[in-house]
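What follows is each chain in one-letter form.
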Amino acid sequence: MEFLEVIRVSRSFGPVNALKEVSFSVNRGELFGLIGPDGAGKTTLFRIIASLFLPDEGKILVKGYNVVKDYKQVRRITGYMPGRFSLYHDLTVEENLSFYATVFGTTLKDSAAYIHRVYSPLKPFRKRLAGKLSGGMKQKLALSCALIHRPEFLLLDEPTTGVDAVSRKEFWEMLEELRNMGVTILVSTPYMDEAGQCDRVALIDHGKLLQTGSPAEIVHNFSAKLYAIRGRNLYALLGRLRMSPEVKYAFMFGREIHLVFYRVPGRPARWLENLSGSPQGTFSIEPLDPGMEDCFVELMGENHPVDGKENI
Amino acid sequence: MAAHTPPVINVKEMTKSFGSFVAVDRLTFQVEKGEIFGFLGANGAGKTTAVRVLCGLSSPTSGQITVAGYDVWTQTEQVKRSIGYMSQRFSLYEDITVYENIRLFGGIYGLSRRQIRERAGELLSRLGLEHQRDALIASLPLGWRQKLAFSIAIIHRPGIVFLDEPTGGVDPITRRQFWDLIYETAQTGITVFVTTHYMDEAEYCDRLCVMDEGRIVAMDTPYRLKQLYGAQDMNEVFIKIARKEI
């Protein structure tokens, strides 16, 4: 069942088209990720869903409620965690929670069971000022506040930005548990490597959705074949690869070159020997499973006039 | 990466304590000329403290440390002159022009007016930004800004450039273009020292050093670390290290 429906939503700021006919839906009880770089339009979309901005065109329904007309109902069932830490630095952990509880007409006690999993690691620090918390703890406090009115729907705008890898991992585990409790979650992130934590994702860039699906589907849909070349002096080889008519794009990736062909040669190893003029065994070439970032690059390329030979 | 040249960074038993707290505990590592070296760790692992020592901004408690051939104990000023620095969060002044930024940073790095003029010309033509010479930084797309910031960070031709989370959050095409420039720079012999806690950025480094609780807990190429930990990506490696699942 569709819990969130985003239907052809557009929004401009002066000459900038922040969102261009964005459509997707999130099922009830799903952990859904909106993945895209800085400036893709993620925050604008979240603010519209949270009923804080109006769309220029299109319609959004949360559990059947229209975010423009029925914004009161939408706000009652939605917990929104904005991208910037927006709690009160000069209030303690507990004071922040009580404040949000009061705003939503509930109490910390009534919601204790609901926020327990997220709040319990913070409990020893409940008398500490929010401004004095570490990044990971701030993030947990912000999530606790977003959960204080026991929402059915969570809207988390880049909750893991600026947080270290271990805290990020813990945070994703909490989201999974909330999802298992039945909460529907829409979360955004600029980190491609976090896509794998979601049930389904939508990739967004320059205000347009590139693709929607499960992480496995997106990787599966990667139309090209990716290869890794290893060996010494790869940088010198890179120029030759980029000049070759068979090569769609090639780029350095640490001590490897990642390469996509227009058409895969019959025997890639032999092809590489000829191209490099180096004896057998100088370089190795092997197929490589694409990651989310590779898919994103491929999809961006379809949407932009990017010169994949010289610039990528 | 010729084996004969001495390491650009040579750290033996570096320790830095604040009172009874040991932030960096007997670090030993070398970084070679032209290498792209990634320095990773969670918040509080001791990364920043170690980097501040390497940049000559803070004295170690003990250890033998040379950067670009200079001793961080006795030749702090020479160390500072031999390095460049760029961070994604702050790089260029947005409300002045491209050329004004070059002139400002060139002056800070101690270049003469003539050197600034010459190198500004080379830099702009190499980046294809000649026509944007008098444009405000604020008017440039993010990708161009980053490339410019990086080029300015090496305008005094340092032996080593420190990059602090250079591409966290940017789109992957811009990131790859930016890293093209980094690889090109490393080819000219400038060592690139990247600190980050974003594992997707770490994948681009030649070699990685992972810190935890003030110590080095792993150091190798991304490829070998993934093999060693039986992991799909660096994120998984990092989590396994942090949870001590070795």
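The structure displayed is predicted, hence computed values, not measured ones. (Residues numbered from 1 in each chain as written. Chains lettered and ligands numbered in written order. Predicted model: local features only at pLDDT ≥ 70, side-chain atom pairs only at ≥ 80, totals over all residues.)

If you tally the helices and strands in chain A, you get 10 helices and 14 strands. Taken over the C-alpha atoms alone, chain A extends approximately 75 × 45 × 35 Å along its principal axes. Residue burial in chain A is summarised as follows: out of 312 residues, 43% are buried. Long-range contacts, defined here as pairs at least 24 residues apart, represent 69% of the contacts in chain A between residues at least 6 apart. (Helix = DSSP H or I, 4+ residues; strand = E, 2+ residues; numbered from the N terminus. Buried ≥ 20, exposed ≤ 12 C-beta atoms within 10 Å, placed from the backbone. Contact = placed C-beta atoms within 7 Å.)

When its secondary structure is counted, chain B shows 9 helices and 10 strands. A globule of 246 residues ought to have a C-alpha radius of gyration of about 18 Å, and chain B, at 18 Å, matches this closely. Across its three principal axes, chain B shows a C-alpha extent of roughly 55 × 45 × 35 Å. In chain B, the share of contacts with a sequence separation of at least 24, taken over all contacts with a separation of at least 6, comes to 68%. (Rg over C-alpha atoms; globule rule 2.2 N^0.38 Å.)

Residue-level contacts link 29 residues of chain B with 29 residues of chain A. Counting residues per element, the ones that place at least two in the side of chain B that touches chain A are α6 (172-187), α7 (199-202), α8 (222-228) and α9 (234-242) of chain B. Tallying contributions element by element places α6 of chain B first for the side of chain B that touches chain A, with 8 residues. Here the side of chain B that touches chain A is built from residues that sort into 15 nonpolar, 7 polar and 7 charged. (Nonpolar A, V, L, I, M, F, W, Y, C, P; charged D, E, K, R; others polar.)

Looking now at the nonpolar core. In terms of nonpolar packing, the biggest core is built from 156 residues, with L155, I185 and I257 of chain A together with F37, V67, V161 and V192 of chain B touching the most fellow members. Excluding residues within four positions of it along the chain, V161 of chain B makes contact with I83, G84, M86, A153, I154, I190 and V192 of chain B. (Core = buried A, V, L, I, M, F, W, Y, C linked by C-beta atoms within 7 Å.)

Before going further, it helps to examine the domain arrangement of chain B. All names here are of chain B. Once the domains are mapped, chain B shows domain 1 (1-82 + 159-246) and domain 2 (93-157). Taking only C-alpha atoms, the centre of domain 1 and the centre of domain 2 are 26 Å apart. Counting from both sides, the interface comprises 9 residues of domain 1 and, opposite them, 8 residues of domain 2. Among the elements that take part in the side of domain 1 that touches domain 2, α6 stands out by supplying 5 residues, more than any other. Its residues assigned to classes, the side of domain 1 that touches domain 2 shows 5 nonpolar, 3 polar and 1 charged. (Domains from an automatic or database assignment.)

With that out of the way, let us pick up the pairing of strand β10 (residues 215-220) of chain B. Pairing analysis gives 5 bridges linking strand β9 (residues 207-212) of chain B to β10 of chain B, with the strands arranged antiparallel. Residue pairing across strands places D212 of chain B opposite R215 of chain B, the latter belonging to β10 of chain B. (Pairing = 2+ DSSP bridges.)

Side-chain direction in a regular strand flips from residue to residue, so the side chains alternate between the two faces of the sheet. Where strand β1 (residues 9-18) of chain B and strand β2 (residues 21-31) of chain B come together, 7 bridges link them in antiparallel fashion. Looking at the pairing, K16 of chain B lines up with V24 of chain B of β2 of chain B.

This brings us to the packing of helix α6 (residues 165-180) of chain A against α9 of chain B. Close contact between α6 of chain A and α9 of chain B brings their axes to 9 Å; oriented N to C, the two are set at 95°. Classified by the angle between their axes, α6 of chain A and α9 of chain B sit roughly perpendicular to one another. Only N235, F238, I239 and A242 of chain B of α9 of chain B make contact with α6 of chain A, whose side of the interface consists of A165, V166 and K169 of chain A. Here the contact of α6 of chain A with α9 of chain B is built from residues that sort into 5 nonpolar, 1 polar and 1 charged. (Axes fitted to C-alpha atoms, helices over the stretch in contact; angles between N-to-C directions. Parallel < 35°, antiparallel > 145°, perpendicular 65-115°, else oblique.)

Residue and element names in this part refer to chain B. Pairing within the open sheet is antiparallel, and its 4 strands lie in the order β2-β1-β4-β5. For this open sheet the edge positions go to β2 and β5 (70-71), each flanked by a neighbour on one side alone. Bridge count between strand β4 (residues 62-67) and β5: 2 bridges; the pairing is antiparallel. Residue pairing for β5: V67 is matched across the bridge by Y70. Running at roughly 120° to β1, helix α1 (residues 47-54) makes contact with β1, β2 and β4 of the sheet.

Once that is clear, we can look at helix α5 (residues 142-153) of chain B. Compared with an ideal rise of 1.5 Å per residue, which puts 12 residues at 16 Å, α5 of chain B spans 16 Å between its outermost C-alpha atoms and is within 8% of the ideal. Along α5 of chain B, the residues classified as buried are Q146, K147, L148, A149, F150, S151, I152 and A153 of chain B. (Expected span 1.5 Å × (residues − 1).)

Looking at the secondary structure, you find G105 of chain A in the loop between α3 (93-103) and α4 (112-119). Along the backbone, G105 of chain A and I148 of chain A are 43 residues apart, and their C-alpha atoms lie at a distance of 9.9 Å.

A word on the confidence of the model for chain B. For chain B, per-residue confidence averages 90 on the pLDDT scale, and residues scoring 70 or more make up 97% of the total. Across the interfaces of the predicted complex, the ipTM metric reaches 0.77, alongside a pTM of 0.84. (pLDDT = per-residue confidence, 0-100.)

Residue and element names in this part refer to chain B. The 6 strands are arranged β6-β7-β8-β3-β9-β10 in an open sheet whose pairing can be described as mixed. The open sheet has two free edges, formed respectively by β6 (83-87) and β10, since each of these has just one partner strand. Across the sheet, the mean angle from the axis of one strand to that of its neighbour is 20°, orientation sign disregarded. Strand direction decides the pairing type here: strand β3 (residues 36-41) and β9, joined by 5 bridges, are parallel. Bridging across to β9, L40 finds its partner in V210. Running at roughly 160° to β6, α5 makes contact with β6 and β7 (160-164) of the sheet. Each of β3, β9 and β10 touches α9; the most contacted strand, β9, lies at about 30° to it.

Once that is clear, we can look at unusual backbone geometry. Even without being glycine, E21 of chain A reaches a positive phi, approximately 45°. Relative to the elements of secondary structure, E21 of chain A occurs in strand β2 (residues 16-27). We note that R157 of chain B has phi near 50°; this positive angle belongs to a residue other than glycine. By the element assignment, R157 of chain B lies in the loop between α5 and β7. For R157 of chain B, a count of 14 C-beta atoms within 10 Å corresponds to the partly exposed category.

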